[in-house]
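# Descriptive analysis of the structure
The lines below spell out each chain.
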Amino acid sequence: MSRDNQFDVIIIGTGAGGGTLAYHLAPSGKRILILERGDYVAREKDNWNPQVVNVDAKYNTKEHWRDRDGKELHPHTNYYVGGNTKFYGAALFRLRERDFGEIRHHGGISPAWPISYDELEPYYTQAEHLYQVHGERGEDPTEPAAAQSYPWPAVSHEPRIQHLADDFARTGLHPFHTPLGVMLDEKNPRLSPCIRCNTCDGFPCLVHAKSDAQVLCVDPALQYPNVTMITNALVKRLETDASGHEIRHVVVERHGALETYSADIVVVSCGAINSAALLLRSANEKHPKGLGNSSDVVGRHYMGHTNSVLMAISKCPNPTVFQKTLSVNDFYFGSQHFEYPMGHISFVGKLDAITLRAGAPAIAPGFTLELMAKHSLDFWLTSEDLPDPDNRVTINRNGEIVLTYTPNNLKAHEQLKAHLQKAMKQNTCSTHGHECHQGLFARNLYVGQQIPLAGVAHQNGTIRFGHDPKTSALDPNCKAHDLDNLYVVDGSFFPSSAAVNPALTIMANALKVGDHLLQRMGVPISEYVANQDKSREPEPVAG
């Protein structure tokens, strides 16, 4: 193999895990290859077109998976530089401290993590700075301890959302500003990259003002001469040496041909579903059940949260443009009426009539879809689903991904809906009083035979980490127990899913694993800092 195909580190995937890790390792001076199965999202007007994005699904992968019965599933996921952070809503939460311990739920037990919150806290802080998170400490009654304030002030509420926050507060709840990764400067809007538009959640940002992994991590990493990225490079399998203890080759399909690369360290970050599929597809004589799978847990314990989009229809209109600024966690760990954890309440981006037609809710009496869109508050409810070994990713004889998933812990989600319904009925308005609230209506998360958006957007848990090689695939540094040079840094490592968006935890863990790899490779701190400083020097002006 030529020197051109040999590297110190290969990172497969460019999302919240792989992109963040690439950024962190870039100043190391080590030869780093980033492999991305997709390309850059084209910058075009269609980026902000709800018909194109939400109905036509232009940017979704066109591949299909299978369900347990062999029926086609069309996943709502995207393969581009930056991964699914290109399309996420950029709500960047820390897990609660209690989420790292064992928790009893109505539906069963959420297991403890092999690391504590305190071990990850410094990396949460780093990730919040890297991804420019806007928020306000002290508002969320369940928020974990933090060494520093948010690096940017909370994104302000528009009047209708502020009215709702005031109503919730009057009923004894503790509404707070959602921590958001957007490059918004409300004090200087003329120069702010973010224009606070209505096409953030679920859309790629045409003006590169969303804190995604491409803009903030991959592109800066590629400024270093030691970092290379190859796009449109689908990793087909990983091959080990004769002993089965190390990854020797990474086999890539590119433009219809196979290419082979090698590295001292190989990091997989394809998303919990595709990472598990890659390890399973790479089975060999030494690893007959798949790479790193002597424990038989690879692909198992798939989680994606139990999520609902609920539209609260009011007689008063909701002219809000940027809606995702408000959250409620008062029911996260339970209430006096239901002792078990229920989950998290926040918002999706403002729904419009075009988007509603793709998964139309029941029509509120007297309301058309257009009127519903103008009068709705569009809530996003998240409850923790529990790790079940039978909820899993497998590969069929044709090499296709098979996703088997049965929802669990549903009572908690039903209670969360009921608590929100009660809170909404207690709200008042100066014109209609308590009669302003017309009810909650569920927007269908299924479009045709599509996997629920929530089931893929929050995917985690298929290659769990832990201390015991018999019950986990990765050690606490996210290195495979069975292989000396294989790491996984996407959401696969989660042993439990908690009930907030997993993105910030994936980012923080990637920074933690990055520090471990820098130490493993023996990178001197002085050299690392010097390379960082060199990258910040202005380009020489041609004369």
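Throughout this description, residue numbers start from 1 for each chain and increase along the sequence as written. With the structure being a predicted model, the display of local features is reserved for residues of pLDDT at least 70 and the display and counting of side-chain atom pairs for 80 or more, all residues being used for whole-chain, interface and lining totals. Heavy atoms from the whole structure form the basis of all side-chain values; hydrogens and water molecules are not counted.

## Things to note about the overall build of the protein chain
By the criteria applied, helices consist of DSSP H or I runs no shorter than four residues and strands consist of E runs no shorter than two, each listed in order from the N terminus. Counting secondary structure elements, the protein chain contains 12 helices and 21 strands. For a compact globule of 543 residues, the expected C-alpha radius of gyration is about 24 Å, and the protein chain comes in at 23 Å, within 12% of that figure. Dimensions of the protein chain, computed from the C-alpha atoms along their principal axes, are close to 75 × 65 × 45 Å. The 543 residues of the protein chain split such that 60% are buried. Note on contacts: a residue pair qualifies if any of its non-hydrogen atoms lie within 4.5 Å across the two residues. Considering only intrachain contacts with a sequence separation of at least 6, the fraction spanning at least 24 residues in the protein chain is 73%. Areas reported as accessible are Shrake-Rupley estimates using a 1.4 Å probe. Residue values count occlusion only from the protein chains shown. Entry remark: accessible area of the protein chain is about 21,700 Å², with carbon and sulfur atoms responsible for 50%. Each radius of gyration is computed over the set of C-alpha atoms, and the globule rule expresses the reference value as 2.2 Å times the number of residues to the power 0.38. The buried label goes to any residue with under 20% of its type's maximum accessible area, the exposed label to any with over 50%, and the partly exposed label to all in between, with areas taken from a 1.4 Å probe on protein chains only.

## Here's the deal with unusual backbone geometry
Backbone phi values are negative for most residues with the exception of glycine, while trans is the configuration of most peptide bonds. Even without being glycine, Ala90 reaches a positive phi, approximately 65°. Among the structural elements, Ala90 can be located in the loop between strand 4 (72–73) and strand 5 (103–105). Taking relative accessible area as the criterion, Ala90 reaches 0% and is therefore assigned buried. Its identity is not glycine, yet Gln132 carries a phi of approximately 50°, on the positive side. Of note, Gln132 is situated in the loop between helix 3 (117–130) and strand 7 (133–134).

## Some points on the pairing of strand 2 (residues 32–35)
Neither face of strand 2 is exposed, since Ile32 and Ile34 on one face and Leu33 and Leu35 on the opposite face are all buried. Pairing of strand 1 (residues 6–12) with strand 2, which is carried by 4 bridges, proceeds in the parallel orientation. Note on strand 2: the bridge partner recorded for Val9 is Ile32. As a crossover connection, the stretch from strand 1 through helix 1 (residues 18–25) into strand 2 is right-handed. Two elements, strand 2 and strand 10 (residues 227–230), share 4 bridges in a ladder whose sense is parallel. Note that in strand 10 the partner of Leu35 across the bridge is Ile230. Any two strands between which DSSP finds at least two bridges are classified as paired. When the strands point away from the viewer and the connection leading from the first strand across the helix to the second strand turns clockwise, the crossover is called right-handed.

## So, the confidence of the model for the protein chain
pLDDT measures how confident the predictor is about each residue, on a scale from 0 to 100. Per-residue confidence for the protein chain averages 92 on the pLDDT scale, and 93% of its residues sit at or above 70. Residue range residues 445–451 is modelled with pLDDT below 50. Its contacts to residues more than four positions away, or to other chains, number 19 contacts.

## What about the packing of helix 3 against helix 11 (residues 503–520)?
At a minimum axis separation of 8 Å, helix 3 and helix 11 run at an interaxial angle of 110°. In this view, helix 3 runs roughly perpendicular relative to helix 11, as classed from their interaxial angle. Crossing geometry of helix 3 relative to helix 11 is assigned as right-handed. Along its contact with helix 3, which presents Leu120, Tyr123, Tyr124, Gln126, Ala127 and Glu128, the element helix 11 presents Leu504, Thr505, Met507, Ala508, Asn509, Leu511, Lys512 and Asp515. Inter-axis angles, ranging from 0 to 180 degrees, are taken between N-to-C directions of lines fitted to C-alpha atoms, where helices are fitted over the stretch in contact. Here the word oblique covers every angle except those under 35 degrees (roughly parallel), over 145 (roughly antiparallel) and from 65 to 115 (roughly perpendicular). A clockwise turn of the near helix away from the far one marks a right-handed crossing, whereas an anticlockwise turn of less than a right angle marks a left-handed crossing.

## A word on helix 9 (residues 410–425)
A helix is expected to span 1.5 Å multiplied by its residue count minus one. Under the 1.5 Å per step criterion, the end-to-end length of helix 9 is 23 Å for 16 residues, consistent within 8% with the ideal 22 Å. For helix 9, every residue scored as buried is listed here: Ala412, His413, Gln415, Leu416, His419, Leu420, Ala423 and Met424.

## Thoughts on the packing of aromatic side chains
Only Phe, Tyr and Trp rings are paired, with Trp represented by its six-membered ring, and only when their centres lie within 6.5 Å; those with planes under 30 degrees apart are stacked, over 60 edge-to-face, the remainder tilted. Applying the stated rule across the entire model yields 16 aromatic pairs. Taken together, a centroid distance of 5.7 Å and an interplanar angle of 85° make the contact between Tyr302 and Tyr405 edge-to-face. Pair noted here: Tyr302 is in the loop between helix 6 (272–281) and strand 14 (306–314) and Tyr405 is in the loop between strand 19 (401–404) and helix 9, with a separation of 103 residues, a long-range link. By relative accessible area, Tyr302 is classed as buried at 2%. Both rings, one in Phe338 and one in Tyr340, keep their centres 5.6 Å apart while their planes meet at 65°; by these two values the pair is edge-to-face. By relative accessible area, Phe338 is classed as buried at 8%. Members of the aromatic cluster, connected to one another through ring pairs, are Phe100, Trp113, Tyr117, Tyr124, Phe465, Phe493 and Phe494.

## Points about the environment of Asn427
Looking at where Asn427 falls in the secondary structure, it is placed in the loop between helix 9 and strand 20 (437–443). Judged by its relative accessible area of 8%, Asn427 falls in the buried class. Distance in space between the C-alpha atoms of Asn427 and His163 is 9.5 Å, their sequence separation being 264 residues.

## A few points about the pattern of salt bridges
Criterion for a salt bridge: a side-chain nitrogen of Lys or Arg within 4 Å of a carboxyl oxygen of Asp or Glu. Applying the stated rule across the entire model yields 18 salt bridges. A salt bridge links Asp378 to Lys350; the shortest N-O distance between them is 3.0 Å. Of this pair, Asp378 sits in strand 17 (residues 376–383) while Lys350 sits in the loop between strand 16 (344–347) and helix 7 (353–358); the two residues are 28 residues apart in sequence, bridging distant segments of the chain. Considered together, Asp378 and Lys350 belong to a single accessibility category, that of buried residues. One continuous salt-bridge network, built from bridges that share partners, spans Arg94, Glu121, Glu128 and Arg137.

## Considerations on the side chain of Asp385
Among the secondary structure elements, Asp385 is positioned in the loop between strand 17 and strand 18 (392–395). Only four residue types enter the charge count, namely Lys and Arg as positive and Asp and Glu as negative; His and the chain termini do not. No salt bridge is formed by the buried Asp385; the nearest opposite charge belongs to Arg464, separated by 11 Å. Separated by 3.0 Å, the side chain of Asp385 and the backbone nitrogen of His305 make a polar contact. There is a polar contact of 3.0 Å between the side chain of Asp385 and the side chain of Ser497. For Asp385, the residues in contact, after removing those within four places along its chain, are Met303, Gly304, His305, Thr306, Tyr405, Asn408 and Ser497. By the criterion applied in these results, polar contacts are pairs of N or O atoms within 3.5 Å in which, for protein atoms, one can donate a hydrogen and the other can accept it, and in which residues neighboring in sequence qualify only through two side-chain atoms.

## Things to note about the packing of helix 1 against helix 11
Axis separation between helix 1 and helix 11 bottoms out at 8 Å; the angle between their running directions is 40°. Of the possible angle classes, the one that applies to helix 1 and helix 11 is oblique. Seen along the crossing, helix 1 lies across helix 11 with a hand that is right-handed. Between helix 1 and helix 11, the residues in contact are Thr20, Leu21, His24 and Leu25 and Met507, Ala510, Leu511, Val513, Gly514, Asp515, Leu517 and Leu518, respectively. In this count, Pro and Cys sit with the nonpolar residues alongside Ala, Val, Leu, Ile, Met, Phe, Trp and Tyr, while Asp, Glu, Lys and Arg are called charged and the others, Gly among them, polar. Residue classes in the contact of helix 1 with helix 11 are distributed as 8 nonpolar, 3 polar and 1 charged.

## Some points on the nonpolar core
Judged by nonpolar contacts, the single largest core of 115 residues is most densely connected at Ile12, Leu35, Tyr131 and Leu238. Sorting elements by how many residues they give to this core places helix 11 first, with 10 residues. Look past the residues within four positions of Leu35 in its chain and what remains in contact with it is Ile10, Ile11, Ile12, Gly13, Ile230, Ala233, Val235, Val250 and Val252. Core analysis: the second largest hydrophobic core is formed by 22 residues, Leu326, Phe379, Leu420 and Ala423 among them. Nine residue types can take part in a nonpolar core, namely buried Ala, Val, Leu, Ile, Met, Phe, Trp, Tyr and Cys, and a core is a set of them joined through side-chain atoms within 4.5 Å.

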